[in-house]
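Observations on chain architecture
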Amino acid sequence: MRARQGRVLALSSVGCFGLIACVLLAFGLIVISRGRVSAAAPAKHKIVYGLTLMPSGFDPHINSSSELGIVFRSVYDTLLYRDPKTKEFVPGLATRTEVSADGLTYTFKLRTDVKFHDGTAFDAQAVARTLDRVTNPDTHSQKAVFLLGPYDHYTIVDPATIQIVLKQPYAPLLDGLSQVYLGIASPTALQAYDNDRYQFHQVGTGPFTMVDYIPGDHLTLHRNPDYKWGPSFYTAMTDQSVDEVTFRFFKDAPTRAPALESGEAGVMGELSPTDAALFTGNSDLKLYPQAIPGMPLQFFFNTAKAPTDQLEVRQALIQATNRAAIVDAIFQQFSPVAYGPLCATTPFYDRTVQSIYPFDTAAALKLLIGKQGYGYSTGEKTLTRNGKPLSLVMIVPPWGFHPEVALKIQSQWREIGIELELRQVANFPALLAAQKAGDYNLIAYNDYGVDASLLSRVYRSDSAPNWTNFKDPELDGWLDQASASIDPANRGAVYSKVQHRIMDQALLLPIRDYVNLNGASAHLNGFGFDAYGWFPLLANLTIQPSP
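Description of the structure in this document. (Residues numbered from 1 in each chain as written. Predicted model: local features only at pLDDT ≥ 70, side-chain atom pairs only at ≥ 80, totals over all residues. Heavy atoms only, no water.)

1. Overview of the sheet that holds strand β20 (residues 508–512)
- With mixed pairing, the five strands of this open sheet are ordered in space as β18-β17-β19-β13-β20. Looking at which strands have only one partner, the edges of the open sheet turn out to be β18 (419–424) and β20. Sheet twist, expressed as the average angle between the axes of neighbouring strands with direction ignored, equals 20 degrees.
- With three bridges joining them, strand β13 (residues 297–301) and strand β19 (residues 442–444) adopt antiparallel strand pairing. Bridge pairing links phenylalanine 300 to isoleucine 443 in β19.
- The sheet contacts of helix α13 (residues 402–415) involve β13, β17 (391–396), β18, β19 and β20, and relative to β18 the element is tilted by about 165 degrees. (Pairing = 2+ DSSP bridges. Helix = DSSP H or I, 4+ residues; strand = E, 2+ residues; numbered from the N terminus. Axes fitted to C-alpha atoms, helices over the stretch in contact; angles between N-to-C directions. Contact = heavy atoms within 4.5 Å.)

See below:
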């Protein structure tokens, strides 16, 4: 029997929501009901999930933020998935995948028992429609289209079989197809709504359906009662399964911990290390530190601007940075120190990079004074050369504790006579604008992902943008070789060379491997994330019954 009322983990007041909803309804910008899946009982087990920023858009085919994936990983299924523990590929909407000997043709055998939330049958034509949308230049895809690599075309073999044909071999294709940004959408819904309106009416085949979206206020998902085709790591629905998730926005970091403690939110990500440490003694809350594969918190060196155009200066700056002290002070043992261009949890990470640049101010000064000609004037504490101080500019975004890290670096470098000017930008577009202007010596950037091919996005000579302005044809060749090879051993060997070349050339200042600190009500069970670390497996969530 399911007669007992379930627990509500978090409810927040809606304020003037009714007026907002009425206005948006008039413009067709809120989805209230689709009437496409089997009729479901009213939600019994509801949670509020705190999002930490408001993306410019929530359409995974168009937009690129990780925040949108937190929501839509559960609305869309993908052709295949990565197992969260093993990182190996497992079947999704495709039951079998075959790769031609030349690495150009990928054949996917599709499930025949799947329906979209609007009742449309899933088949090869649906996959084709999603590919058409993503690759259409008018879509202006910010991420999904790039996950397809050297995509050429598709061929529908039959309703249950589709082939994707590439212009050249590209091993990361399967990784791209397993990400939410290439989630398969209902062709009926794509036909009904243009790109501007579809983000308010999204339809997938996933374990949750999109109910409504009020920009800046909330987004609601309901469990899909017909869902029975999930990947192997999804658990079956039970009487205690969470059946409604409302996502609300907590953009100001100081509001996140109080929202959890008060019950305004049942789940919250990107907690501060200080708040996370306090939660370890709170029996009403659980802390879930989640390592994020990909790139660390880092600052790229601009090799086209003096003095970081000099290799020895870049090497000295890395050695002059006490990364362990920064991580201990700011991240309080919740994050490990970073040593190279990849986080240690990323496949093909080469641990030998950890010994390249130990913290050593004496060695740093030897490079600056003995090799680069800097020195201290009588009675002065600032390093100068030809009467000019060793002065640098660092571009700092407001997220991910970059400002706090930058202040620590500034303080450490000041102690040995290096001046560092910090210029904070407000958002990612401003960060891109600063990169394009080129008036910096260091600039913050990071990306996440399970496949090491993400290094190509920033280290190829023709990458757009080229954050370091470093050009190396041999490095380009290695990156291309690693992306084209389908042999894991060969890819690992090549990516090892890539990581060492990047560090030998001192192209970045790595600080810490990313760990997202998540908090959740102790009554919530089954909390976990997919292989990419950011996206919760909402299908597995259950509410612990009251005693």
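Text resumes after the structure shown.
2. Describing helix α17 (residues 488–504)
- Across its 17 residues, α17 extends 24 Å between first and last C-alpha, which sits within 8% of the 24 Å expected from 1.5 Å per residue.
- Taken together, the buried positions of α17 are occupied by Arg491, Gly492, Val494, Tyr495, Ser496, Val498, Gln499, Arg501, Ile502 and Met503.
- Lining the buried residues of α17 we find α10 (311–319), α15 (456–459), α16 (473–484) and β20.
- One or two residues past the end of α17 sits alanine 506, with phi positive at roughly 50 degrees. (Expected span 1.5 Å × (residues − 1). Buried < 20%, exposed > 50% of the residue type's maximum accessible area, 1.4 Å probe, protein only.)

3. A closer look at unusual backbone geometry
- A cis amide bond links alanine 306 with the next residue in sequence, proline 307, at an omega value of 0 degrees.
- Note that the residue after alanine 464, namely proline 465, is joined by a cis bond; omega there is 0 degrees.
- Mapped onto the elements of the fold, proline 465 is located in the loop between α15 and α16.
- Positive phi values are uncommon outside glycine, yet lysine 87 reaches one of about 65 degrees.
- Residue lysine 87 is classed as partly exposed on the basis of its relative accessible area, which comes to 23%.
- Even without a glycine there, the phi angle at asparagine 469 is positive, about 60 degrees.

4. Some points on the pattern of salt bridges
- Taken as a whole and judged by the stated rule, the model has 16 salt bridges.
- Of the charged contacts in the structure, one is a salt bridge between aspartate 175 and arginine 82, with a shortest N-O distance of 2.8 Å. With a gap of 93 residues between them, aspartate 175 in helix α5 (residues 173–177) and arginine 82 in strand β2 (residues 80–82) connect regions that are remote in the sequence. Residues aspartate 175 and arginine 82 agree in their burial class; the two are buried. (Salt bridge = Lys/Arg side-chain N within 4 Å of Asp/Glu carboxyl O.)

Bear in mind that shape data such as this cannot, by itself, settle questions of function.
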